[in-house]
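Listed below are the residues making up each chain.
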Amino acid sequence: MNNNSQIIKNYVRNIVKKNNKSGSVLFHGLSNAPKLSVAQRAILMLNCYDLVELDPCGKCNACERLKTFNHPDLHIVLPLPNEKKIELEAIRLWKQNVVKNNNLSLTGWKKIIASNLGTEKELIIRSEAITKINSVIKLRNFEAKKRVILIWHAEKLNSVASNKLLKMLEEPPDETYFFLVANNKDELLETIKSRLERIYVPEKLCSTTLTLATKAKNMENSKNVFMFDDINDESLNKFKKWMRACHSKNIVDLFDLNLEISKNTKNGHKNFMSFCSEMLSFCVRYIIYKKETVERVIDGGFVNKFCKHLSLETLFKLLKKTERAVYLLERNANAKILFLSLSIEFFKIFDENKL
Ligand SMILES: [Zn+2]
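Only a predicted model underlies this, so the values are computations on that prediction, with no experimental measurement involved.

A closer look at the overall build of the protein chain
Scanning the protein chain from terminus to terminus reveals 16 helices and five strands. Of the contacts formed within the protein chain by residues at least 6 apart in sequence, a portion of 79% connects residues at least 24 apart. Of the accessible surface of the protein chain, which amounts to about 16,800 Å², a share of 51% is contributed by carbon and sulfur atoms.

Notes on unusual backbone geometry
Unusually for a residue other than glycine, phenylalanine 69 sits at a positive phi of about 65°. Along the chain, the position of phenylalanine 69 falls in the loop between α3 (61-67) and β2 (74-77). The phi torsion at glutamate 175 lies on the positive side, around 55°, for a residue other than glycine. Along the chain, glutamate 175 turns up in the loop between α7 (159-170) and β4 (176-182). Given a relative accessible area of 28%, glutamate 175 falls into the partly exposed group.

Describing the pairing of strand β1 (residues 22-28)
Two faces make up the sheet, and in a regular strand the side chains alternate between them. The buried fraction of β1 amounts to seven of the seven residues, a majority that puts the element mostly inside the structure. Of the pairings in the sheet, the one linking β1 to β4 comprises seven bridges and is parallel in character. Across the sheet, phenylalanine 27 pairs through a bridge with valine 181, a residue of β4. Strand direction decides the pairing type here: β1 and strand β5 (residues 197-200), joined by four bridges, are parallel. In the sheet register, valine 25 faces β5, and the bridge partner there is glutamate 197.

Here's the deal with the packing of helix α10 (residues 233-247) against helix α11 (residues 251-263)
The N-to-C vectors of α10 and α11 enclose an angle of 140°; their axes lie 9 Å apart at closest approach. The pairing of α10 with α11 is recorded here as oblique in orientation. In terms of crossing hand, the pair formed by α10 and α11 is left-handed. Two secondary-structure elements touch here, α10 through Lys238, Lys241, Trp242, Ala245 and Cys246 and α11 through Asp253, Leu254, Asp256, Leu257 and Glu260. Partitioned by chemical class, the residues of the contact of α10 with α11 number five nonpolar, no polar and five charged.

Points about the confidence of the model for the protein chain
Predicted confidence across the protein chain gives a mean pLDDT of 81, with 83% of residues reaching 70 or more. Across the protein chain, element-level confidence peaks in strand β3 (residues 147-152) with a mean pLDDT of 96 and bottoms out in helix α9 (residues 216-221) with 32. Segment residues 1-8: pLDDT under 50, and 16 contacts once partners within four positions in sequence are set aside and those in other chains are kept. Low pLDDT, under 50, characterises residues 206-230; the predicted model gives this stretch 66 contacts beyond four residues in sequence or across chains.

Thoughts on the pairing of β2
Side-chain alternation along β2 places Leu74 and Ile76 on one buried face and His75 and Val77 on a second face that is also buried. In this sheet, β3 lies alongside β2 in parallel orientation, the contact comprising four bridges. From the neighbouring strand, histidine 75 faces β3, where its bridge partner is isoleucine 149.

Here we look at the state of the cysteines
If you walk through the whole model with that rule in mind, you get zero disulfides. Distance from the sulfur of cysteine 246, which forms no disulfide, to the nearest cysteine sulfur (cysteine 276) is 9.7 Å. Here cysteine 246 falls in the buried class, since its relative accessible area comes to 0%.

With respect to the pattern of salt bridges
Per the counting criterion, the structure on display carries 20 salt bridges. As a salt-bridge pair, aspartate 351 and lysine 249 come within 3.0 Å of each other at their nearest N and O atoms. Separated by 102 residues along the polypeptide, aspartate 351 in helix α16 (residues 335-352) and lysine 249 in the loop between α10 and α11 bring together distant segments of the chain. For lysine 249, a relative accessible area of 37% puts it in the partly exposed group. A single network of salt bridges, built from pairs that share partners, joins Lys185, Asp186, Glu190, Lys193, Arg198, Glu278 and Glu323.

Side note on the coordination of the zinc ion
At this site the zinc ion is bound by Cys48 (SG), Cys57 (SG), Cys60 (SG) and Cys63 (SG), with donor distances of 2.3 to 2.4 Å. Here the zinc ion is ringed by four donor atoms whose angles at the metal span 102 to 117°, and the overall shape comes out tetrahedral. For the zinc ion, all donor residues lie on one chain, and their spacing in sequence is C-x8-C-x2-C-x2-C. With respect to burial, cysteine 48 and cysteine 57 carry one shared label: buried.

Rules used in this analysis
- Here the residue numbers are simple positions, counted from 1 along each chain's written sequence.
- Residues qualify for local features only when their pLDDT is at least 70, as the model is predicted, and side-chain atom pairs are given and counted only at 80 or more; totals for whole chains, interfaces and linings, by contrast, use all residues.
- Neither water nor hydrogens contribute to the side-chain values; these are computed over all heavy atoms in the structure.
- Helical segments are the DSSP runs of H or I of at least four residues, strand segments are the runs of E of at least two, and each set is numbered from the N terminus.
- We call two residues in contact whenever any of their non-hydrogen atoms come within 4.5 Å of each other.
- Each accessible area is a Shrake-Rupley result for a 1.4 Å probe, and residues are judged covered by the shown protein chains and nothing else.
- Categorising residues by exposure relies on relative accessible area from a 1.4 Å probe, with only protein chains included: less than 20% of the type maximum marks a residue as buried, more than 50% marks it as exposed, and the intermediate range marks it as partly exposed.
- In this scheme, strands are said to pair when DSSP sees at least two bridges between them.
- Each axis is a line fitted through C-alpha atoms, and for a helix only the stretch in contact is used; angles between axes span 0 to 180 degrees, taken between their N-to-C directions.
- Relative orientations are named as follows: roughly parallel for angles under 35 degrees, roughly antiparallel for angles over 145 degrees, roughly perpendicular for angles from 65 to 115 degrees, and oblique for any other angle.
- In this scheme the handedness of a crossing depends on how the near helix is turned from the far one: anticlockwise by less than a right angle means left-handed, clockwise means right-handed.
- Charged residues are taken to be Asp, Glu, Lys and Arg, nonpolar residues to be Ala, Val, Leu, Ile, Met, Phe, Trp, Tyr, Cys and Pro, and polar residues to be all remaining types, Gly included.
- On a range of 0 to 100, pLDDT expresses the predictor's confidence in each residue.
- Count a disulfide wherever a pair of cysteine sulfur atoms falls within 2.5 Å.
- Basic side-chain nitrogens of Lys or Arg form a salt bridge, by our definition, when they fall within 4 Å of a carboxyl oxygen of Asp or Glu.
- Counted as donors are the N, O and S atoms within 2.8 Å of the metal, or 3.2 Å for Na, K and Ca, while water is not among the atoms, so some sites may look incomplete.
- Donor angles set the geometry label: tetrahedral for four donors if every angle is between 85 and 135 degrees, square planar for four and octahedral for six if opposite donors exceed 155 degrees and the others are between 65 and 115, irregular for anything else.

This is how it looks when you write it as structure tokens:
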């Protein structure tokens, strides 16, 4: 790991850096990981009037209002029971409760709704909520530098809502950010996932570093503030070697890699395959958005070269196969056999690649 926390911090900063016109980010992690806090911090970074080296001041007009989620350009989408009448009251209740507890769980939220609004209906994000956002983004911002659409527990989007959201993510409007927060990224549509920058938020975050008024200096001293999905040189080099070997059908290199796999622990290999799927998803976004943020975080030279030779369709195929492999590894597939059969499938995908 080469100074991972710094890389991750830069990554978040790049996502929200001033001259970026729009962005779509997924903050994911286990249920007790402070994903909403991290997302909220990014919202403040986008809108603070008095940034200290890109860190929010916590005191200006924008920070004050965003701390309580009360800002006319912050649009919140929540899983709700299917009852139109209670929507406004539910959003008010949510704000009131997450200010007290940023890690409010879905079960906790359900209880709050039941006791305050007297309904125990299933909580879902329905297409009406997304339609509403679609009309909002056609209007100009009231006052914020960047408008933010915050979708809490995005895994609760139903399929119609997901498809509507996908259309918006395909052509993100200027000055607008989509921030999705979810426990399990695998419950999101593949097509949506591939359009999002992903930030994995670990459970153990130093809570003081997330205090909104924290000064930039404290941020510098803290370790592992944000964890992006395991970027490290070793995995990256292995990924490069693997892609090159599949592209050129270099059996010797593949044999080397397979030997390494047999030395790896089961989790080690699964983590590597997850890393590969993150990398491929990165490349998909790179082609779609051509964002320079990609180059700053990961070996940009490689990403650029790799993507230049591949069509979006090819990358999607590689991504799908890799994600399938992660799924199978989680279900105890034999790592060596899986790796070889996957590599052979990749030979074919590379062969069929048409630009
Ligand atoms: Zn501020």
